[in-house]
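Examination of the molecular architecture
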Amino acid sequence: AETKDAGVTDYFDSVTGKPLFKAPVGRSFADFEKESRAHGWPSFRDDEVNWDYVRVLPNGEAVSVDGTHLGHNLPDGKGNRYCINLVSVAGRPATGEL
């Protein structure tokens, strides 16, 4: 099924399989898709970030707690906007304990 047919979608670390983002949360899929297309990268907001596994460095780089480069925080008038490289979040869920 296409992402928009699945409702809220989980995005997993392509290296570890840990859940990093869940979207859309607090907005429609149409809004998530529109913003992502406008910027050329999947664009997540604070409520869509799994803070157990994502960190933002002082320079704005977004990384997983295991060191996977994810993208960058590029704040705009609506707040923090995490522009994430799709390849970084194209993983499958980890099996077993995280």
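Heads up: these notes are all about the structure in this document. Quantities reported herein were computed from a predicted structural model and do not represent experimental measurements.

Per the stated rule, a full pass over the model turns up eight salt bridges. Salt-bridge contacts for Arg-45 lead to Asp-76; the nearest nitrogen and oxygen are separated by 2.8 Å. With Arg-45 in the loop between strand E3 (43-44) and strand E4 (54-56) and Asp-76 in the loop between strand E6 (69-73) and strand E7 (82-84), the pair connects residues that are 31 residues apart, well separated along the chain. Overall, the relative accessible area of 13% leaves Arg-45 in the buried class. The class for Asp-76 is partly exposed, based on a relative accessible area of 29%. Ionic pairing is found between Asp-76 and Arg-81, a salt bridge with its closest N-O pair at 3.3 Å. Arg-81 sits in the buried class, given a relative accessible area of 8%. Counted as one network, the salt bridges with shared partners bring together Arg-27, Glu-35, Arg-45, Glu-48, Asp-76 and Arg-81.

Rules behind the numbers
- Residues numbered from 1 in each chain as written.
- Predicted model: local features only at pLDDT ≥ 70, side-chain atom pairs only at ≥ 80, totals over all residues.
- Heavy atoms only, no water.
- Salt bridge = Lys/Arg side-chain N within 4 Å of Asp/Glu carboxyl O.
- Helix = DSSP H or I, 4+ residues; strand = E, 2+ residues; numbered from the N terminus.
- Buried < 20%, exposed > 50% of the residue type's maximum accessible area, 1.4 Å probe, protein only.

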